[in-house]
Amino acid sequence: MGPARMRALTAGGLVVLEDVTRMPLRAVREPRPASPVLCPCDRTMADVRLSLLGIRLPFAVLGDAAAGEPPAAGRVRVPATTAELAQALTVGETVIGDCESNPVALLTGLTVSGRTVSGTPGPGAGWIEGALLPVDPDVAALPVRKGETRVVVAPARPLTAADVEHLRALDIEDIVLVVPTAGTGPDGLPAAVLRQCLEQAAPSDFTLVPLPVSWRGTTVDEDVARAITTGLDGTHLHRLTSAAESGGGLPAESGNILWADTLESLQQATTAPAQSPDSLLEQVMPILTRWRPPRRQRGLVVFFTGLSGSGKSTLAKALADHLATDRAVTLLDGDVVRRMLSSGLGFDRAGRDLNVRRIGFVAAEVARHGGIAVCAPIAPYAESRAAVRELVEAVGDLVLVHVATPLAECERRDVKGLYRKARAGVVTQFTGISDPYDEPLDAELRVDTTGTSLPESLAVITDYLAIGGWVPTSAGRPDTMQEVPVDER
Ligand SMILES: Nc1ncnc2c1ncn2[C@@H]1O[C@H](COP(=O)(O)OS(=O)(=O)O)[C@@H](OP(=O)(O)O)[C@H]1O
Ligand SMILES: Nc1ncnc2c1ncn2[C@@H]1O[C@H](COP(=O)(O)OP(=O)(O)O)[C@@H](O)[C@H]1O
């Protein structure tokens, strides 16, 4: 049985579906003792769990942001490394496990594809395809449709009073509200927070259905929402899109604009909690404010990146000392982290990537608890920095400071004599000499320390934090810092 056929979008973002048929649920079978366990990333796992509910996602490979022709009904593809592909093929099946390796599903009748990969699988890497069987026989039953029509509300944001009014006007009695339970939404809203908001605001006649849906914030979400509507026997679909996806061009009646405004004011809030003119958004404001408190209490990561000798450590230490008078501060300096967190890691791409992600992980934990983390690794790769940003922005704010002192000046300083060794070939893979540095395109601040005193460079950062409201203005300017030439410190 294939997915439902659908008519085109009608006004107001409502989609009408016809010939709704669910995919059949399949029988359970015990995995063989020798079956390997494949543990995909959270997003792929969410897709696997949705598929286990009989929802046929529009992805060629689960977890991949790109839509594509999915395999035949009842079969799915998941990303896998060459080693995982080989192991699974030897036994003829593989278990799919969660992040703690607890078995969730079984893939049998395997086919594999993809280029040879040795690292973490991802989009474009290899994949394994098979028939998907649940390991747990108690698959949650989806609610049966009451009557002729059912509207499925697929939210990537909290429900507004304007949404409820809009839904009531459709005159469809059976209203099902999907409650996402997986990951973090495109606006950075964690599923747990969205869930609290929906549970708090939904009228009592709405049927709430928790589903492990993980919105991407792209046009793919429309297809995912349609697949879910089909799985829920819906005849109509109404999406509450994230501010990230809708990007301003929104139908006013949908409540999207109200959410976009609320999100904006929550993100910018310095002291007072944001207010909303919408009664339901106002009702969930305490939940949202706990998630995104005013900047004075919000977790913050100031992440310095730049070449060796650019001034990261000097600035990070001075900033940490300065902020410590007002907030709890953790300093994660490059050299110290290399000794304490990342000893044994090298300077090849994989070593640097893991090092930077570890720093990001610890910094995000600090931010999650409302503290400030000041980090100062070289962090030469844009991809690793982007991963850190994603981790941190799920729980707080990130200010990326590019210490953009040119290579010639860093080499002139040669604080540790490493440039000389790198030029002589004694130190290899040295950033800027024999290893790459991706110039940041997304830095909040750019500081070139050439011919500039430490207090001057520091003031650029502290002023930014004070103006942005993360620290009080009095803590923003280092009036008390003496203008000591940095080389004499
Ligand atoms: N090959 C090579 N390339 C760059 N740097 C090297 C290298 N070997 C050792 N060092 C010393 O290690 C410090 C950089 O470590 P990081 O952890 O910040 O690097 S990275 O972010 O993982 O790329 C760096 O410290 P800073 O000078 O403070 O940047 C160097 O002192
Ligand atoms: N405005 C400035 N800010 C920070 N450091 C400066 C500045 N001007 C000169 N320096 C000097 O540059 C060197 C930077 O070294 P360091 O902070 O260890 O860099 P990194 O951590 O990026 O390797 C120090 O000797 C520092 O005194």
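Residues numbered from 1 in each chain as written. Chains lettered and ligands numbered in written order. Predicted model: local features only at pLDDT ≥ 70, side-chain atom pairs only at ≥ 80, totals over all residues. Heavy atoms only, no water.

Looking at an unreviewed UniProt entry, the protein carries the name adenylyl-sulfate kinase, with the source organism given as Kribbella alba. Here is the UniProt Catalytic activity (unreviewed entry) comment for the protein, exactly as written: "adenosine 5'-phosphosulfate + ATP = 3'-phosphoadenylyl sulfate + ADP + H(+)". (UniProt positions renumbered as here; feature names shortened; annotations may be inferred.)

1. Considering the layout of surface pockets
There is about 1,100 Å³ of room inside the second largest pocket. Taken together, 44 residues make up the lining of the second largest pocket; nearest its centre are Ser 308, Gly 309, Ser 310, Ser 313 and Lys 416. Residue assignment for the lining of the second largest pocket shows that the elements contributing at least two residues are helix H9 (312-323), helix H10 (334-340), helix H11 (349-368), helix H13 (407-413), helix H14 (418-423) and helix H15 (454-467). For the lining of the second largest pocket, the element with the most residues is H9, which contributes five residues. The residue inventory of the lining of the second largest pocket, partitioned by class, reads 15 nonpolar, 17 polar and twelve charged. (1 Å grid on protein atoms, 1.4 Å probe; cavity = no way out; pocket = protein on both sides within 12 Å on 5 of 7 lines; lining within 4 Å. Points joined across faces, edges and corners; volume = space filled by probe spheres on them. Helix = DSSP H or I, 4+ residues; strand = E, 2+ residues; numbered from the N terminus. Nonpolar A, V, L, I, M, F, W, Y, C, P; charged D, E, K, R; others polar.)

2. Digging into the nonpolar core
Ranked by size, the top nonpolar core spans 39 residues in total, and within it Val 48, Ile 128, Leu 211, Ile 228 and Leu 232 carry the most contacts. Per-element accounting of this core gives the leading share, five residues, to helix H5 (residues 220-231). With residues up to four places along the chain from it excluded, the contact list for Ile 128 reads Leu 38, Val 76, Arg 77, Val 78, Ala 80, Leu 85, Ala 88, Thr 94, Leu 107, Leu 110, Thr 111 and Val 112. Counting residues in hydrophobic clusters, the runner-up holds 28 residues, among them Val 153, Leu 159, Leu 189 and Ala 202. (Core = buried A, V, L, I, M, F, W, Y, C linked by side-chain atoms within 4.5 Å. Buried < 20%, exposed > 50% of the residue type's maximum accessible area, 1.4 Å probe, protein only. Contact = heavy atoms within 4.5 Å.)

3. What about the pattern of salt bridges?
All told, the structure shown has 25 salt bridges when counted by the stated rule. Residue Asp 205 pairs with Arg 168 through a salt bridge whose shortest N-O separation is 2.9 Å. Taken together, the residues Asp 205 in the loop between helix H4 (191-201) and strand S10 (207-211) and Arg 168 in helix H3 (residues 161-169) connect sequence positions 37 residues apart. With relative accessibility at 38%, the residue Asp 205 sits in the partly exposed group. (Salt bridge = Lys/Arg side-chain N within 4 Å of Asp/Glu carboxyl O.)

4. What about H3?
Inspection of H3 places Asp 163, Val 164, His 166 and Leu 167 among the buried residues, and these make up the whole buried set. When H3 is viewed along its axis, its buried side chains cluster within an angular range of 160 degrees and face the same direction. The exposed set on the far side of H3, more than 90 degrees from its buried face, consists of Glu 165 and Ala 169. Elements that come into contact with the buried residues of H3 comprise strand S8 (150-155), strand S9 (174-180), strand S11 (236-240) and helix H8 (279-291). (Arc of directions from axis to C-beta.)

5. Some thoughts on the site of ligand 2
Taken together, 17 residues form the shell around ligand 2, and within it Gly 309, Lys 312, Ser 313, Thr 314 and Thr 452 come nearest. Within the backbone of Gly 309, a nitrogen or oxygen atom sits 2.6 Å from an oxygen atom of ligand 2. Take Ser 453: an N or O atom from its main chain is 3.3 Å from a nitrogen atom of ligand 2. Against a free-state accessible area of 570 Å², the protein chains account for coverage of 87% of ligand 2. Structurally, ligand 2 is housed in the second largest pocket. For the shell around ligand 2, the secondary-structure elements that each account for two or more residues are H9 and H15. Tallying contributions element by element places H9 first for the shell around ligand 2, with three residues. Looking at the shell around ligand 2 residue by residue, the classes come out as four nonpolar, ten polar and three charged. (Near = heavy atom within 4 Å. Polar contact = N/O pair within 3.5 Å; in protein donor to acceptor, adjacent residues only side chain to side chain. Areas by Shrake-Rupley, 256 points an atom, 1.4 Å probe, with all protein chains shown as cover. Sits in = over half its atoms within 2 Å of the grid points.)

6. Notes on the side chain of Arg 239
Following the sequence through the fold, Arg 239 ends up in strand S11. Among the polar contacts made by the side chain of Arg 239, one reaches the side chain of Glu 222 at a distance of 2.7 Å.

7. Overview of the environment of Ser 308
Within the fold, Ser 308 resides in the loop between strand S12 (300-306) and H9. A relative accessible area of 13% places Ser 308 in the buried class. Taking the C-alpha atoms as reference points, Ser 308 and Arg 413, separated by 105 residues in sequence, lie 9.8 Å from one another. The residues contacting Ser 308, other than those within four sequence positions of it, are Ile 378, Cys 410, Tyr 419 and Phe 430.

8. Observations regarding a nonpolar patch on the surface
A grouping of Val 336, Met 340 and Leu 341 is seen on the molecular surface, where their side chains present a nonpolar patch of about 280 Å² in accessible area. Secondary-structure assignment places Met 340 in helix H10. (Patch = residues over 30% accessible without salt bridge, like charges linked within 9 Å, V, L, I, M, F, W, Y side chains within 5 Å.)

9. Details of the site of ligand 1
As a matter of local geometry, ligand 1 sits amid 21 residues, with Ser 308, Arg 338, Arg 352, Asn 355 and Gln 429 nearest to it. Here Ile 378 contributes a backbone N or O atom positioned 2.9 Å from an oxygen atom of ligand 1. At a separation of 2.9 Å, an oxygen atom of ligand 1 approaches a polar side-chain atom of Lys 416. For ligand 1, the cavity whose grid points lie within 2 Å of the majority of its atoms is the second largest pocket. The set of elements that each furnish at least two residues to the shell around ligand 1 consists of H9, H10 and H11. Broken down by class, the residue content of the shell around ligand 1 amounts to eight nonpolar, eight polar and five charged.

10. Notes on the packing of aromatic side chains
Centre distance and the angle of the planes are the two values used to describe a pair of aromatic rings. This structure, assessed with the given rule, holds two aromatic pairs. Ring centres 6.0 Å apart and planes at 20 degrees place the aromatic pair Tyr 464 and Trp 470 in the stacked group. Tyr 464 gets classed as partly exposed once you look at its relative accessible area, which sits at 28%. Classification of Trp 470 as buried rests on a relative accessible area of 4%. A cation sits over an aromatic face here: Arg 77 above Trp 127, 4.6 Å from the ring centre. When the ring centre of Tyr 381 is taken as origin, the NZ or CZ atom of Arg 349, which lies over that ring, is 4.0 Å away. (Phe/Tyr/Trp six-rings, centres within 6.5 Å; stacked < 30°, edge-to-face > 60°. Lys NZ or Arg CZ within 6 Å of the ring centre and 35° of its normal.)

11. Overview of unusual backbone geometry
Glycine aside, negative phi is the norm for most residues, and most peptide bonds take the trans geometry. Positive phi is not limited to glycine here, since Ser 101 has a value of about 65 degrees. A positive phi angle is found at Asp 171, which is not glycine, with a value near 65 degrees. Overall, Asp 171 belongs to the exposed group, its relative accessible area being 70%.

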